[in-house]
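Spelled out from the first residue to the last, the chains are:
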Amino acid sequence: MPELPEVEALRVFLDDHLVGKEIARVLPLAISVLKTYDPPLTVLEGERVTSVARHGKFLDIEAGGLHLCTHLARAGWLRWKDTFPAAPPRPGKGPLALRLVTKDGDGFDLTEMGTKKSLSVHLVHDPMEVPGIARLGPDPLADSFDRAAFTALLAGARRQIKGALRDQSLIAGVGNAYSDEILHVARMSPFKRTADLDEDDVTRLYTALRTTLKDAVDRSSGVEAGKLKAEKKSGMRVHGRTGEACPVCGDTILEVSFSDSSLQYCPTCQTGGKPLADRRLSKFLK
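Definitions and limits used
Residues numbered from 1 in each chain as written. Predicted model: local features only at pLDDT ≥ 70, side-chain atom pairs only at ≥ 80, totals over all residues. Heavy atoms only, no water. UniProt positions renumbered as here; feature names shortened; annotations may be inferred. Helix = DSSP H or I, 4+ residues; strand = E, 2+ residues; numbered from the N terminus. Pairing = 2+ DSSP bridges. Axes fitted to C-alpha atoms, helices over the stretch in contact; angles between N-to-C directions. Contact = heavy atoms within 4.5 Å. 1 Å grid on protein atoms, 1.4 Å probe; cavity = no way out; pocket = protein on both sides within 12 Å on 5 of 7 lines; lining within 4 Å. Points joined across faces, edges and corners; volume = space filled by probe spheres on them. Nonpolar A, V, L, I, M, F, W, Y, C, P; charged D, E, K, R; others polar.

**Some thoughts on the UniProt feature "domain: FPG-type" (unreviewed entry) in the chain**
Alright, step 1. Per the UniProt entry, the sites bearing "domain: FPG-type" (unreviewed entry) are residues 237-271 in this numbering.
Alright, step 2. Helix makes up 11% of residues 237-271 and strand 23%, whereas the separation of the span's terminal C-alpha atoms amounts to 16 Å.

Encoded structure:
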C-alpha cells in the first residue's frame, strides 16, 4: 500500500509534470472507482491544473476550483504516460481504473491489481467533503507536529502502539509497512501499549516516527513515479523481510500474521529476544 512517503513523492512528481496543464478528458474505467457523481468528471475538461496537494495518503489535484481526490488503497498505483493510444480503453478490462489526459497528450492512469477493488476517486468542491480526508489526524511531518502534540495524541489512544500508529484519525499517512519500520528504529514491541510508554519511550518513538518518514521522503525525492515501489521496498529494514538478517543486530526477522496482513520485527531489537506468538494461535507475548 502506498503510504505517506510514496504519496508525497507522487505529489512532487505531479507538481512538476501536471500543474499548469489543461485537462482534455478524465475517463473512469472501473465502475467501483468513482465515489461522487455531482459535479461530473466532464466539468474538468478544459480546466487547468493549479495545484497538487497531499492529505495523509490522499492525492488532491485542483483544477477549475474543484478537487480530484484519490486514495490508492492497498493495490492501487498512479502510472504517468507521455502518450496514449488514439482509441479509448475499454471499461472493465484489466487493472485500469481511471485515465486523465492533458491537452499536451500526456497524463496518468490509475490502476489497481487484484480482485478487491478499494481505490477511490472523489470530485468535490472542498477536500473536506471526502470522508476519509475529513477524519484525518495531523500530518506527522508538519512543523506543528512536535513532541508535545504527539504526547497528547498518545495519551488519548490507550491501545497497542502498532495500531495507534496506523490509525489515520490519530496520525495521517502511516500504514502497515512504515509502522513496522518506525517501531524497529524505536526498538519497541509492536504490541506495547500506549499507556505503558514512559517519557523515554515517547521521545524514542517520536524521533523514530519523524526520522523514518523524512528519510523515506528524501530517498523518494526525484524518483520517477514508475520506480517508487521498488525504492520503497529497497529501503525497508524489517517490513517484508521475514527470515532475513536484521541490519542492526543480525538476528532473524520474524513475522506475525493476521487474516489480511502481517507485520515483521526483530526479536533482539524490539522484544528482548522473545518471539511474538501468532495471534491466530495464542495470545501475544509482551
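**Concerning the sheet that holds strand S7 (residues 107-112)**
Alright, step 1. One open sheet accounts for four strands, arranged S1-S6-S7-S5; its pairing is antiparallel. Each edge of the open sheet carries a strand with a single partner, namely strand S1 (23-28) and strand S5 (76-81). Geometrically, the sheet is characterised by an average inter-axis angle of 15 degrees between neighbouring strands, direction not taken into account.
Alright, step 2. In this sheet, S7 lies alongside S5 in antiparallel orientation, the contact comprising six bridges. Its bridge partner being in S7, Trp80 is matched across the sheet by Phe108.
Alright, step 3. Those strands touched by helix H1 (residues 4-17) are S5 and S7, and its axis lies near 25 degrees from that of S5.

**Regarding the layout of surface pockets**
Empty space among the atoms becomes visible once a probe the size of a water molecule is rolled across them.
Alright, step 1. Size it by volume and the largest pocket reaches roughly 1,000 Å³.
Alright, step 2. If you go around the largest pocket, you meet 42 residues; those closest to its centre are Met1, Glu3, Lys57, Arg166 and Asn176.
Alright, step 3. Secondary structure elements with two or more residues in the lining of the largest pocket: S5, strand S8 (120-124), helix H2 (131-134), helix H4 (161-166), helix H5 (176-185) and helix H7 (228-234).
Alright, step 4. Its residues assigned to classes, the lining of the largest pocket shows 16 nonpolar, 14 polar and 12 charged.
Alright, step 5. What the second largest pocket holds in volume is close to 160 Å³.
Alright, step 6. Lining the second largest pocket, in full, are Met1, Ala73, Arg74, Ala75, Glu112, Met113, Lys116, Ser118 and Asp260.
Alright, step 7. In terms of residue class, the lining of the second largest pocket is made up of four nonpolar, one polar and four charged.

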